[in-house]
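Per-entry structural report
Take a look at the letters that make up each chain.
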Amino acid sequence: MPEDRADVLVIGSGAAGAAVSKRLSDRGARVVCLEQGDWVKPAEYPSTKPDWEIQLKRGRFHFNPNVRRLPEDYPVVPRGEHPPEVLMYNAVGGSTIHWTGHFPRFHPADFRVRALDGVGADWPLSYEELEPYYDANDLEMGVAGIAGDPCNPPRKQRPTPPLPLGVLGETIARAFDKLGWYWWVSDNAIVSRDYDGRPACTLQGRCMLGCPTRAKASTDVNYWPRALEKGAVLKVRARVREITVDEQGKARGALYYDASGGLHEQRARVVVICCNGIGTPRLLLNSRSKTFPDGLANSTGLVGKNFMIHPFRFVEGIFEDRMEGWQGPFGIPAFSQHFYETDLSRGFVRGYSLQLERSFGPLHQAWGGTTGHPVPWGADHHRVMRQRFGHIIRVTLLGEDLPEEHNRVELDPNVTDGYGIPAARVSYTYSENSLRMQEHARKVAGEVLDAAGADDVLDSGIIQPAFHLMGTARMGDDPRRSVVNRWNQAHDVRNLFVVDGSSFVTSAAVNPTSTIGALALRAADGIWERRREWM
Amino acid sequence: MDRNHTRRRFLETGLKGSLIALGSGSLGSARAAWADVRRTGEPARESLSSAQRSTLRAVADELIPAGDDMPAASELNVVAYIETVLADVPDLRENITAALSRLEESSETGFQRPLHELSPEQRIDLLRRFEKEQPTSGQTVWGQGNADPDLFASLRDVVYEAYYTNPDIWARVGYEFHEARPPGVEMAPFDEGILSVIRRRPKNYREMPGA
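What counts and what doesn't
- Residues numbered from 1 in each chain as written.
- Chains lettered and ligands numbered in written order.
- Predicted model: local features only at pLDDT ≥ 70, side-chain atom pairs only at ≥ 80, totals over all residues.
- Heavy atoms only, no water.
- Helix = DSSP H or I, 4+ residues; strand = E, 2+ residues; numbered from the N terminus.
- Rg over C-alpha atoms; globule rule 2.2 N^0.38 Å.
- Buried < 20%, exposed > 50% of the residue type's maximum accessible area, 1.4 Å probe, protein only.
- Areas by Shrake-Rupley, 256 points an atom, 1.4 Å probe, with all protein chains shown as cover.
- Lys, Arg positive; Asp, Glu negative; His and termini not counted.
- Charge placed at Lys NZ, Arg CZ, Asp CG, Glu CD.
- Contact = heavy atoms within 4.5 Å.
- Buried area = accessible area lost by both parts, 1.4 Å probe.
- Salt bridge = Lys/Arg side-chain N within 4 Å of Asp/Glu carboxyl O.
- Polar contact = N/O pair within 3.5 Å; in protein donor to acceptor, adjacent residues only side chain to side chain.
- Nonpolar A, V, L, I, M, F, W, Y, C, P; charged D, E, K, R; others polar.
- Pairing = 2+ DSSP bridges.
- Axes fitted to C-alpha atoms, helices over the stretch in contact; angles between N-to-C directions.
- Core = buried A, V, L, I, M, F, W, Y, C linked by side-chain atoms within 4.5 Å.
- pLDDT = per-residue confidence, 0-100.

Describing the overall build of chain A
Looking only at helices and strands, one finds 11 helices and 18 strands in chain A. Taken over C-alpha atoms, the radius of gyration comes to 22 Å for chain A, in line with the 24 Å a tight globule of 535 residues would show. For the C-alpha atoms alone, the extent of chain A along its principal axes is close to 70 × 50 × 45 Å. Counting over 535 residues, chain A shows a buried share of 69%. Taken as a whole, chain A presents about 16,800 Å² of accessible surface, with 48% of it coming from carbon and sulfur. Each charge sign in chain A was given a centre, from 63 positive and 65 negative side chains, and these centres are 4 Å apart.

Focus on the environment of V119 of chain A
All names here are of chain A. For V119, the position within the fold is in the loop between α3 (113-117) and α4 (127-141). Counting along the chain gives 231 residues from V119 to R350, while the straight-line C-alpha distance between them is 8.9 Å. Those residues in contact with V119 that lie beyond four places of it in its chain are V113, R114, V349, R350 and L402.

Observations concerning the interface of chain B and chain A
Where the parts come together, the accessible area they lose is often given as the size of the interface. At the junction of the two partners, chain B supplies 67 residues and chain A supplies 80 residues. Roughly 6,100 Å² is buried in total at the junction of chain B and chain A, and carbon and sulfur atoms are behind 59% of that figure. Run the count over chain B and chain A and you get 3 salt bridges. Across the contact surface, chain B and chain A share 16 residue pairs in polar contact (both at pLDDT 80 or more). Taken together, the elements giving at least two residues each to the side of chain B that touches chain A come down to α1 (7-12), α3 (30-40), α4 (50-63), α5 (78-88), α6 (90-111), α7 (120-132) and α8 (151-164) of chain B. In terms of residue count, the dominant contributor to the side of chain B that touches chain A is α8 of chain B (7 residues). Of the residues in the side of chain B that touches chain A, the class split is 30 nonpolar, 19 polar and 18 charged.

Quick notes on the sheet that holds strand β14 (residues 408-416) of chain A
Residues and elements named next belong to chain A. Spatial strand order, β3-β15-β14: 3 strands in an open sheet with mixed pairing. Strand pairing shows two members of the sheet lacking a second neighbour, β3 (76-79) and β14, which therefore form its edges. Direction aside, the axes of adjacent strands within the sheet are offset by 35 degrees on average. Of the strand pairs in this sheet, β3 and strand β15 (residues 422-427) are connected by 4 bridges, and their pairing is parallel. Each residue of the ladder has a partner; that of R79, found in β15, is S427. In this fold helix α7 (residues 276-286) packs onto β3, β14 and β15, with an angle of close to 65 degrees to the strand it touches most, β14.

Structural notes on the pairing of strand β12 (residues 352-357) of chain A
All names here are of chain A. Of all 6 residues in β12, 6 are buried; the element is thus mostly enclosed. Here β12 shows a buried face lined by Y352, L354 and L356 and a second buried face lined by S353, Q355 and E357. Pairing geometry for strand β11 (residues 334-336) and β12, over 3 bridges, is antiparallel. In the sheet register, A334 faces β12, and the bridge partner there is L356. In terms of strand pairing, β12 meets strand β13 (residues 392-399) through 6 bridges, oriented antiparallel. Bridge pairing in β13 places Y352 opposite G399.

Examining the sheet that holds strand β16 (residues 456-459) of chain A
Residues and elements named next belong to chain A. Taking strand neighbours across the sheet as the criterion, the 6 strands line up as β5-β11-β12-β13-β10-β16 in an open arrangement whose pairing is antiparallel. On the outer flanks of this sheet lie β5 (184-185) and β16, each paired with one strand and no other. Sheet topology places strand β10 (residues 312-318) next to β16; 4 bridges connect them, and they run antiparallel. Bridging from a neighbouring strand, G317 pairs with V457 of β16. Strands in contact with helix α5 (residues 166-179) are β11, β12 and β13; relative to β13, the strand with the most contacts, it is inclined by about 60 degrees.

Structural notes on the pattern of salt bridges
Residues and elements named next belong to chain A. Enumeration over the complete set of coordinates arrives at 46 salt bridges over all chains. Close ionic contact of R522 with E129 constitutes a salt bridge, the shortest N to O distance being 3.8 Å. In this pair, R522 sits in helix α11 (residues 513-529) while E129 sits in helix α4, placing the two residues 393 residues apart along the sequence. The exposure class of R522 is buried, given its relative accessible area of 2%. Across the pair D135 and K156 runs a salt bridge whose closest N-O atoms are separated by 3.9 Å. Of this pair, D135 sits in helix α4 while K156 sits in the loop between α4 and α5, and the two are 21 residues apart along the sequence. Under the relative-accessibility criterion, D135 is labelled buried at 15%. Connected through salt bridges with shared partners, the residues R105, D135, D138, R155, K156, R158 and D187 form a single ionic network.

Points about the side chain of D51 of chain A
Within the fold, D51 of chain A resides in the loop between β2 (31-34) and α2 (65-68). In this view, D51 of chain A contacts S29, A30 and R31 of chain B; residues no more than four positions away in its chain are not counted.

Overview of unusual backbone geometry
Note: most residues except glycine have negative phi, and most peptide bonds are trans. Residue and element names in this part refer to chain A. You will see that R69, though not glycine, has its phi angle at about 50 degrees, which is positive. Relative to the helices and strands, R69 resides in the loop between α2 and β3. Taking the relative accessible area as the measure of exposure, R69 reaches 9% and is therefore buried. One non-glycine residue, R214, lies in the positive phi region at around 75 degrees. Mapped onto the elements, R214 comes out in the loop between β5 and α6 (223-229).

Focus: the nonpolar core
Residue and element names in this part refer to chain A. Within the largest apolar cluster, 88 residues are counted, with the highest numbers of intra-cluster contacts made by I11, L24, W123, I243, V272, L496 and V499. Looking at this core element by element, the count peaks at 9 residues for α11. Setting aside chain neighbours within four positions, we find V272 in contact with V8, L9, V10, I11, V20, F497, V499 and I527.

Some points on the confidence of the model for chain B
All names here are of chain B. Per-residue pLDDT for chain B has a mean of 77; in total, 68% of the residues score no lower than 70. Between residues 138-147, whose pLDDT stays under 50, and residues either more than four places distant or in other chains, the model counts 52 contacts. Across the predicted assembly, pTM comes out at 0.90 and ipTM at 0.90.

Okay, here's the thing in structure tokens:
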């Protein structure tokens, strides 16, 4: 039976869904959010338990839904020449439960990639238009950092001071200085002082297995409690099957399964999809009707296409001195955007960030660390383990991925989830540009680790971990070349919005979450300002 | 309706390689396993035969031998730990027992003796050959989530797991674990059965007139 009609139905409760729900609840809209996962109690996080590292290989907190296989997960079938290892989490808070909290912003030029460099496409909005929303999202999330990064436009004082660099960060920072390369302290959505009811970070590490103190921002501990106070309704264990439409072709609501398998329709005046760069196109493509036989908002055929993940590569330097990478926030104490802007003499267009990162504990090191080189077994085991554990600085390439239509998300014709909904099939192949960028970054990482005094270097080679899921319902002014407009509103369905990494036109060379949050707050304001059209 | 992803559905689509080595989503808690092993010196739940235990013990000590002021794997009773974990993680148990069987077959074929009776050099030789004959690793580096069914890697990694989840090892490699905020002692969930007597008693408070 249809349920009471909401003003706004939000699907997904992660970085985007929480921000939209809270912002619109603040305004007075009646918001209902459907989330396929459940609340996760901080006391249950593996980070509080000494065997936390096992979750990196198996268990209900593993990053890969194909490994977890929980009722709230859905299968992701990887395909392509570089089949991605898709990493996401399904719970209240979404993947912010797992993320490191790294919080960089797009550069102004990232919104004008086609105009400046002749590749990809331009965004229909500018950094300046998004900046107030970046600032607002910073205050909601709680950020540690320090203003003044010369590689980025000036920004307001960060809500809390920077997290400590530690011996690891100080060592690599001195190496960047020695080479004359830019670096800066990272913005992290981890508070270094008591902030907004959350305690300061106590530097325990293990952030990616859940922060039990709430010092790391995840939307279940910051946005959601306030949205609920304002009257938002959050229904958990609600797996949405499809968006329903009325005879005029407007979104009517969503059909969803509850935890017992019962099918319901939640109706709303406006529907906002926030299911990430894979879940969103999966839902749109599965929402087929007489009016929309190829899926909803898909008159261009672009839904699911232009999937982007960011080229990643891990390079670990092994030092004689201890770097104690297992201490302190797992995320990025510092980063370099020296190679961020286009310089065609490097052999590729666009650029990359280098993230200077910490590491997990002894078991993960023995298994192979982030570069996939297990500590050898046998007579050399203890000697090599002593050389590596606690002695490593990791330099991570995060490169700009450019949109290509052959990288795509589709409905798998054979595999379904436990409710019979088709799985997502995700095809991905690195471009030649991305491969050349990775090779350049490998050499640069080796150079800076050498300057820092590393005795040896380990390289992950070509890998495709898909932390960042973007581009599959792109934004644009031209309805023939994009799925949503500059307000994240579907060109084909006026009361349907797509507000997550799917709407990214390009990926930039930074982690996406601060931009997802900023876009979500902006889209919420747009929905509210045009409320007379649908409320 | 079964809302878990079914194993059959995954396997039908060619995902076998990426899933078979990974366990079923159950954890096999190292903390619980070590607590059991420390209390009794025995596995909490048996999942290996006596012969498999002997083989695993001998293999573990070749993978992590004593040296550099570090104990050999068997000195930590890793076999009991592994056996306890395998009882909770059927897919992993499938891999480990397959690996042990292959090694035993090679030992009998090559030396006409069980592996644990071979010399260290013979055991190392067997392990090296077993390692080389595994399929090219498709192992990924972020959490090894899409590990392939490399039986040798499964065996090596579970021995490493037993060794490096043991708190006795942490100080020796310079690692400390700090609980961010102790959640308190573990207690059994509340059982409403304990209320059955008191629930049958009459109310025991005074009604307030006019309330």
